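As a plain string of letters, each chain reads:
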Amino acid sequence: MPRIAVIIPAYNRAGVIGRAIDSVLGQDFVDFEIIVVDDGSSDGTAAVARGYSDPRVRLVELGRNRGANAARNAGIEAATAPLLAFLDSDDSYLQHKLATVAAEFDARPELEVLVDSFVKQCCPESKKPRVERRNPRIAGNAEFERCLFSRELWKPTSAISCTREAALRAGLFDESVVRRQDMDFLIRLAKVANCGAIDEILWVKGWSADGISASDQFVASTLAIVERHPQYLGTPDYRVGVAKDLTRHVLQLLKARRYGQARSDIKLMIGGLGAGLTGLLLALGARELARKRRLKRRRGSAEGGAAALAKARRTA
């Protein structure tokens with residue numbers, strides 16, 4: 001029985017799925033199985049996976065397109081390993097990903113869910129081609145939930161590792177959720193399993209123009225999360241996370257001059273939350289984002305001053 005099952009859902013990803021698989025095969029930890037779940041692709045994705053001769057690469061074919069969460073659940077059901085790691089088809093692991101994950105679970109026998117850190121590749125128009133998404137080190141569920149809801153935890157699906165038993169206990173991925181499935185899954189995991197996070201960067205999040213995160217379902221999916229998990233709005237420390245998310249989304253649309261989409265999404269917020277609460281959340285989000293910008297500028301000024309002082313000392 002392998003130690004870790006790496007589950008890769010894929011739909012029409014023939015051009016990138018090989019990179020994801022190769023990043024797992026290139027690990028300095030060898031006790032794993034790779035389960036590629038082809039979600040009804042029509043572009044040869046399954047053929048790419050089938051072309052690997054390594055017996056650790058397995059292919060599960062769903063036959064028709066059922067969505068990424070259904071594909072992940074099929075991978076979980078097919079897994080023989082007690083520990084699961086997820087990898088989206090346009091992402092890739094760094095060489096030490098699985099060794100680090102295995103070591104964390106070995107060092108903390110109570111641990112059942114782990115969220116790690118990563119580098120994000122940005123869209124071609126971005127000023128920074130790559131940015132770090134480094135999480136705090138967390139060793140308890142109370143802090144994990146607070147960071148999760150207040151949006152202090154970066155948690156794409158490829159950052160998640162968990163025991164198969166915990167995933168089953170949480171009810172697997174909800175196949176009706178189109179976007180923010182990572183957050184919904186982690187909220188449910190945090191209710192039934194011991195969760196933690198680490199600051200080691202272990203993988204690279206790729207950018208794809210047709211990826212789920214590039215879709216226009218953000219507000220609808222956020223409202224669905226709020227409806228499923230009332231504590232998101234009911235707890236003041238958590239509510240700021242909703243406020244930041246919705247405000248940042250509207251500001252990004254306005255910056256991109258997508259004014260029609262911004263109006264439609266604000267109407268959707270009002271329809272789901274009411275005009276009063278929508279206004280309060282957008283105001284709270286604007287204040288919080290402005291506060292974070294001020295803190296970032298101060299930190300940058302302090303670091304710049306420290307660097308200038310150190311240079312002056314070296315040249316004195």
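Up top you'll find the structure we're talking about.
For the structure given in this document, a descriptive report is provided here. (Residues numbered from 1 in each chain as written. Predicted model: local features only at pLDDT ≥ 70, side-chain atom pairs only at ≥ 80, totals over all residues. Heavy atoms only, no water.)

1. Some details on the overall build of the chain
Using the following cut-off: What counts as a helix is a DSSP run of H or I of at least four residues, what counts as a strand is a run of E of at least two, and both are numbered from the N terminus. Throughout, radius of gyration means the C-alpha value; the globule benchmark is 2.2 Å times the number of residues raised to the power 0.38. Whether two residues touch is decided by their heavy atoms; if any such pair falls within 4.5 Å, the residues are in contact. Areas reported as accessible are Shrake-Rupley estimates using a 1.4 Å probe. Residue values count occlusion only from the protein chains shown.
Helices and strands together make up the secondary structure of the chain, namely twelve helices and nine strands. Compactness check: the chain gives a C-alpha radius of gyration of 21 Å against a globular reference of 20 Å for 316 residues, within 12% of the reference. Seen along its three principal axes, the alpha-carbon backbone of the chain occupies a region of about 65 × 55 × 40 Å. Here the contacts in the chain between residues at least 6 apart in sequence split such that 76% fall between residues at least 24 apart. Total accessible area computed for the chain in this model is approximately 15100 Å², and 53% of it derives from carbon and sulfur atoms.

2. Topic: the nonpolar core
As a reminder, the rule being used: Buried Ala, Val, Leu, Ile, Met, Phe, Trp, Tyr and Cys residues that are joined via side-chain atoms within 4.5 Å together make up what is termed a nonpolar core. Relative accessible area decides the class of each residue, using a 1.4 Å probe on protein chains only: under 20% of the type maximum gives buried, over 50% gives exposed, and in between gives partly exposed.
Grouped together as the largest cluster of nonpolar side chains are 81 residues, with contacts concentrated most on I4, V6, I8, L84, F86, L98 and F144. If sequence neighbours within four positions are ignored, V6 has contacts with V24, E33, I34, I35, A85, L87, Y93 and L98.

3. Observations concerning a nonpolar patch on the surface
Quick note on the threshold: Two joining distances apply to patches: 9 Å for like charges and 5 Å for nonpolar side chains (Val, Leu, Ile, Met, Phe, Trp, Tyr), and every residue must have over 30% relative accessible area and no salt bridge. Basic side-chain nitrogens of Lys or Arg form a salt bridge, by our definition, when they fall within 4 Å of a carboxyl oxygen of Asp or Glu.
There is a patch of nonpolar side chains on the surface, built from L251, L254 and Y259 and spanning about 270 Å² of accessible area. Relative to the helices and strands, Y259 resides in helix α11 (residues 259-273).

4. Things to note about the environment of G260
As for its placement among the helices and strands, G260 is situated in helix α11. G260 sits 20 residues away from V240 along the chain, and the two C-alpha atoms are 26 Å apart.

5. Points about helix α5 (residues 141-149)
Every buried residue belonging to α5 is among F144, C147, L148 and F149, and all of these are buried. In this structure, the buried side of α5 is in contact with β6 (113-121), α7 (181-192), β9 (195-205), α9 (231-234) and α10 (236-255). Trailing α5 by a residue or two, R151 shows a phi angle of about 65 degrees, which is positive.

6. With respect to the packing of helix α8 (residues 218-228) against α11
What counts, and what does not: Every angle, taken between N-to-C directions, lies between 0 and 180 degrees, and every axis is a line fitted to C-alpha atoms, over only the stretch in contact when it is a helix. Note on angle classes: values under 35 degrees are labelled roughly parallel, values over 145 roughly antiparallel, values of 65 to 115 roughly perpendicular, and the remainder oblique. Whether a crossing is left-handed or right-handed is set by the direction in which the near helix is turned from the far one by less than a right angle, anticlockwise for left-handed and clockwise for right-handed. Three classes are used, and their members are as follows: Ala, Val, Leu, Ile, Met, Phe, Trp, Tyr, Cys and Pro are nonpolar, Asp, Glu, Lys and Arg are charged, and the others, Gly among them, are polar.
One way to put it is that α8 packs onto α11 with a least axis distance of 9 Å and a crossing angle of 15 degrees. Comparing their axes, α11 and α8 come out roughly parallel. As α8 runs across α11, the sense of the crossing is right-handed. Packed against α8, whose contacting residues are V219, A220 and L223, the element α11 presents D265, L268, M269, G272 and L273 at the interface. Here the contact of α8 with α11 is composed, by residue class, of six nonpolar, one polar and one charged.

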